[in-house]
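One-letter residues, chain by chain:
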Amino acid sequence: MTTTLPPGNLVPDLTDVDALAGDALVADAVAAHAPWSADRVGALGREVWAPETIATARDAHRFLPELRTHDRLGNRSDTVDFHPAYHRLMAQGFGHGVHALSWTAGEPGSHLARAVLSYLWNQIDGATACPTGMAYAAIPTLRETPELADFARLTAVHGYDPSFRPVGEKTAATIGYAMTEKQGGSDLRANVTTAAPVAQRGAGQPYLLNGHKWFCSAPMSDGFFTVARTEAGPGCFFVPRWRPDGTVNGIVLNRLKDKLGNRANASSEIEYHDAWAVLVGEEGRGVRTILTSSDYTRLDFAIGSAGLMRAALSQALFYADRRSAFGARLSALPVQAAVLADLVLEWAGATVLALRLARTLDLQNSHNAVEERLLGRILTPVAKYWNCKRAPLVVEEAIECVGGNAYIEEHPLPRYYREAPLNAIWEGTANMMVLDIERVLAREPKAVEPFLDEIRDVAAGEPRLIAALADLETSVTVRAPVGRRLTTQLALAMQAALLVRHAPAAVADAFCATRLEGDWLPTFGTLPPGADAAGILAFGRLDWA
Ligand SMILES: Cc1cc2nc3c(=O)[nH]c(=O)nc-3n(C[C@H](O)[C@H](O)[C@H](O)COP(=O)(O)OP(=O)(O)OC[C@H]3O[C@@H](n4cnc5c(N)ncnc54)[C@H](O)[C@@H]3O)c2cc1C
């Protein structure tokens, strides 16, 4: 007996669509700067909306990790059990090299290519994007530390080995970062965990760590970068899960956090009890050492948030192209089309910002190396700040675009919604990014010139960009606190310049009118009357029939 009516106007799932087909901003960037990677990124692009990928991501977030403090005989175990879906995701992401392509490809444009993999991966799952991002950031530091050669080699492998064994017995490794303590995560200099040398002090020497970390995600990683106090101040240490003598290291897992989102990824509270660790860099310079990898994680969150926006946008557009109300497709209703078009602008701005940041890393050996380094110095906190701040707003609006059906857990949007605020919190909150820019401008005011040059290069012919540039030129020379105001202005001007360069006129024009000229109100869908919403929507759509 039929118990429900036929689906009628209900929209089927977005599946079997190539996540790169129609995403011109990203596909063009790959073609221009990393054409050798087209097959690789194309392969992942086809998996993003594959039914089995979507089902695996959903299961990984339904069947959550469980802490095993002890084994059946009462011995301490300090391990985490994950559902097979989590392991399948990890194998898929690490297998594609989402964590490592930039370090393994040996080709020009490899940071951009890996950033595109991460953009795609974040459309699949944010929880496993945490370990992929940490591994990406860790590889250069591991490679620079001779004592960690095994970890360097195995972390760069395009593969996944979840077994809990000493790293020398494994085929691949994953890496975590355990920095945050109870008293605060932003101010790492306040860390109270202690480190005492086993024998000699100095880089590469073993120390014993005692203390705690209030947040330690992916605790089943094979080793962790961490910060602990030495006689000379904070030091950066690498703590393997196993000691060199083949015994389990002194890391106690007290608890797994019950988190808002990112739930498939275990985040733990840990203690070090004489945990064996290797000093990385010098004693007293630990915060600086650990922050050398933050350029990579911050890029990863900027591109990850752009990916999350893309996923939410794809859901909203796909739905609006199929659902009807009042006798028309939702995407053809003017008020709704304006909302969707505004979301396209937001995603497009976020995407070009993050891709340009990835390019700065690729160009650091080019003839423009100095300029690119300085550009990256400002662009990193700007992109991390702005993309991570905007993602939750985009996801929220995308949910409303789909309506009640997106408020139901069978739909992927609730998962994106819970994921969205996280990227702003870790690896430097919004205010930390603002203070970082303030520090650069105070110490090295000329550092902002390559950033402004990037805008100057395309400003001629776009009066709104010329005006924004003039404002910035004045603001950056005034010795006043940077604040979120100037940081936001930097982000918007750079996004506009990049869209003028890379996007169709309809997109760049509406972006400049709204985000630069201020012909906009503080909610999506308030585009000026002359905006070409249909043209913008056409640019935002993937190639679905
Ligand atoms: C799901 C999840 C997983 C995590 N995983 C890890 C992990 O694996 N490893 C790890 O080390 N950490 C991890 N963290 C912790 C994360 O890095 C911290 O939460 C983050 O660094 C912020 O630190 P805090 O929470 O202690 O906030 P605080 O540092 O106390 O800051 C609170 C607020 O005050 C603001 N603030 C602080 N100082 C200033 C200032 N000088 N001026 C202006 N504003 C200021 C901040 O911007 C923030 O808004 C995780 C967090 C979450 C939510």
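Computed from a prediction, not measured in an experiment: that's the story for all the values here. (Residues numbered from 1 in each chain as written. Predicted model: local features only at pLDDT ≥ 70, side-chain atom pairs only at ≥ 80, totals over all residues. Heavy atoms only, no water.)

**Student:** In this structure, what is going on with the overall build of the chain? I would like to understand it.
**Tutor:** Across its full length, the chain carries 20 helices and eleven strands. Relative to the globule expectation of 24 Å for 545 residues, the C-alpha radius of gyration of the chain, 24 Å, shows essentially globular dimensions. Viewed in the frame of its principal axes, the chain has a C-alpha envelope of about 75 × 75 × 40 Å. Taken over 545 residues, the chain has a buried fraction of 58%. Counting only contacts in the chain whose residues sit at least 6 apart along the sequence, the fraction spanning at least 24 positions is 72%. Of the roughly 21,900 Å² that the chain leaves accessible, carbon and sulfur atoms contribute 54%. Averaged over its 51 positive side-chain charges, the chain has a centre that lies 4 Å from the centre of its 61 negative ones. (Helix = DSSP H or I, 4+ residues; strand = E, 2+ residues; numbered from the N terminus. Rg over C-alpha atoms; globule rule 2.2 N^0.38 Å. Buried < 20%, exposed > 50% of the residue type's maximum accessible area, 1.4 Å probe, protein only. Contact = heavy atoms within 4.5 Å. Areas by Shrake-Rupley, 256 points an atom, 1.4 Å probe, with all protein chains shown as cover. Lys, Arg positive; Asp, Glu negative; His and termini not counted. Charge placed at Lys NZ, Arg CZ, Asp CG, Glu CD.)

**Student:** What exactly am I supposed to notice about the environment of Thr-487 here?
**Tutor:** Secondary-structure assignment places Thr-487 in helix H18 (residues 483-502). Taking the C-alpha atoms as reference, Thr-487 lies 8.6 Å from Met-433; in sequence the two are 54 residues apart. Setting aside its immediate chain neighbours within four residues, Thr-487 contacts Tyr-385, Val-434, Ile-437 and Val-482. Only 2.8 Å separates the side chain of Thr-487 from the backbone oxygen of Gly-483, close enough to count as a polar contact. (Polar contact = N/O pair within 3.5 Å; in protein donor to acceptor, adjacent residues only side chain to side chain.)

**Student:** Is there a simple way to think about the packing of aromatic side chains in this case?
**Tutor:** Aromatic rings in a pair are described by how distant their centres are and how their planes are angled relative to each other. With the rule as written, the count across this model stands at 14 aromatic pairs. Centre to centre, the rings of Tyr-136 and Tyr-296 are 5.4 Å apart; their planes meet at 70°, and the pair counts as edge-to-face. Of this pair, Tyr-136 sits in helix H7 (residues 129-143) while Tyr-296 sits in helix H10 (residues 294-320); the two residues are 160 residues apart in sequence, bridging distant segments of the chain. Of the two residues examined, Tyr-136 and Tyr-296, each falls in the buried class. Each member of the aromatic cluster is reached from another via a ring pair, and the members are Phe-151, Tyr-177, Phe-225 and Phe-238. (Phe/Tyr/Trp six-rings, centres within 6.5 Å; stacked < 30°, edge-to-face > 60°.)

**Student:** Explanation requested: the environment of Arg-243 in the structure shown.
**Tutor:** Residue placement: Arg-243 occurs in the loop between strand S7 (233-240) and strand S8 (251-256). A residue is classified by how much of its surface remains accessible, and Arg-243, at 25% relative accessible area, is partly exposed. Once the C-alpha coordinates of Arg-243 and Ala-277 are considered, the two residues, 34 residues apart in sequence, prove to be 8.4 Å apart. Non-local contacts of Arg-243, meaning those with residues more than four positions away in its chain, are made with Val-248, Asn-249, Gly-250, Asp-274 and Trp-276.

**Student:** Looking at this model, I keep getting lost on the site of the ligand. Mind explaining?
**Tutor:** Contacts to the ligand come from 19 residues, most closely from Tyr-177, Thr-180, Gly-185, Ser-186 and Thr-429. Residue Ser-186 places a side-chain N or O atom 2.6 Å away from an oxygen atom belonging to the ligand. Between the ligand and Ser-217, the relevant distance is 2.7 Å, taken from an oxygen atom to a main-chain nitrogen or oxygen of the residue. Its free accessible area being 970 Å², the ligand has 65% of it covered by the protein chains. Of all the secondary-structure elements, those providing two or more residues to the shell around the ligand are strand S3 (175-178), strand S5 (206-217), helix H14 (422-425) and helix H15 (430-443). For the shell around the ligand, the class distribution of residues is ten nonpolar, eight polar and one charged. (Near = heavy atom within 4 Å. Nonpolar A, V, L, I, M, F, W, Y, C, P; charged D, E, K, R; others polar.)

**Student:** What should I look at first to understand the nonpolar core in this one?
**Tutor:** The tendency in soluble globular proteins is for nonpolar side chains to be buried side by side. Trp-49, Leu-209, Phe-225 and Phe-451 are the most contacted members of the largest nonpolar core, which has 187 residues in total. With 17 residues, the top contributor of residues to this core is helix H11 (residues 334-362). (Core = buried A, V, L, I, M, F, W, Y, C linked by side-chain atoms within 4.5 Å.)

**Student:** Explain unusual backbone geometry here, please?
**Tutor:** With the exception of glycine, most residues fall at negative phi, and the peptide bonds are largely trans. For Asp-78, which is not a glycine, the phi torsion comes out positive at approximately 50°. Mapping Asp-78 onto the fold places it in strand S2 (residues 76-81). Of note, Phe-326 is a non-glycine position whose phi angle comes to about 50°, a positive value. Tracing the chain through its elements places Phe-326 in the loop between strand S10 (324-325) and strand S11 (328-329).

**Student:** When you look at empty space enclosed by the protein in this model, what are you seeing that I'm missing?
**Tutor:** Think of a ball as big as a water molecule: rolled over the atoms, this probe shows where empty space is left. Counting across every chain of the model gives five cavities of 30 Å³ or more. There is about 110 Å³ of room inside the largest cavity. Lining of the largest cavity is provided by Asn-122, Gly-126, Ala-129, Cys-130, Asp-300, Phe-301, Gly-304, Leu-308, Glu-419, Ala-420, Asn-423 and Trp-426. Among the elements that take part in the lining of the largest cavity, H10 stands out by supplying four residues, more than any other. Looking at side-chain class alone, the lining of the largest cavity contains six nonpolar, four polar and two charged residues. Looking at the second largest cavity, its volume works out to about 50 Å³. Every residue along the wall of the second largest cavity is listed here: Val-48, Trp-49, Thr-53, Ile-54, Ala-57, Gln-123, Ile-124, Pro-412, Arg-415 and Tyr-416. Listing elements by their share of the lining of the second largest cavity, those giving two or more residues are helix H3 (51-62), helix H6 (110-124) and helix H13 (413-419). No other element matches H3, which puts three residues into the lining of the second largest cavity. A per-class count over the lining of the second largest cavity returns seven nonpolar, two polar and one charged. (1 Å grid on protein atoms, 1.4 Å probe; cavity = no way out; pocket = protein on both sides within 12 Å on 5 of 7 lines; lining within 4 Å. Points joined across faces, edges and corners; volume = space filled by probe spheres on them.)

**Student:** How should the side chain of Glu-419 be read in this particular structure?
**Tutor:** Its location among the elements puts Glu-419 in helix H13. With sequence-adjacent residues up to four places away left out, Glu-419 is seen in contact with His-61, Gly-126, Ala-127, Gly-261, Asn-262 and Leu-308.

**Student:** What is the right way to read the packing of helix H12 (residues 369-402) against helix H16 (residues 449-459) from this model?
**Tutor:** Helix packing geometry: the angle between the two helix axes and the distance between the axes. Their axes nearest at 7 Å, the elements H12 and H16 cross at an angle of 90°. The orientation of H12 relative to H16 falls into the category roughly perpendicular. In contact with Glu-371, Leu-374, Leu-375, Ile-378, Leu-379 and Val-382 of H12, H16 contributes Pro-450, Phe-451 and Glu-454. When grouped by side-chain class, the residues that make up the contact of H12 with H16 number seven nonpolar, no polar and two charged. (Axes fitted to C-alpha atoms, helices over the stretch in contact; angles between N-to-C directions. Parallel < 35°, antiparallel > 145°, perpendicular 65-115°, else oblique.)

**Student:** Explain the pattern of salt bridges here, please?
**Tutor:** When charged atoms on two side chains of opposite charge get close, those side chains can pair. Counting across every chain of the model gives 30 salt bridges. The salt bridge involving Arg-68 is made with Asp-81; its shortest N-O contact spans 2.7 Å. Highlighted residues: Arg-68 in strand S1 (residues 66-70) and Asp-81 in strand S2, separated in sequence by 13 residues. Ionic contacts of the salt-bridge type, sharing partners, join the residues Asp-342, Glu-346, Arg-390 and Arg-515 into one network. (Salt bridge = Lys/Arg side-chain N within 4 Å of Asp/Glu carboxyl O.)

**Student:** When you look at H7 in this model, what are you seeing that I'm missing?
**Tutor:** Because the α-helix completes a turn every 3.6 residues, residues three or four places apart line up on one side. Over its 15 residues, H7 runs 22 Å from end to end, which matches the ideal 21 Å to within 8%, given 1.5 Å per residue. Largest kink in H7: about 30°, centred on Ala-137, with the proline Pro-140 one to four residues after it. With 14 of 15 residues buried, H7 is to be regarded as a mostly interior element. (Expected span 1.5 Å × (residues − 1). Bend = angle between axes of the 7 residues up to and from the residue.)

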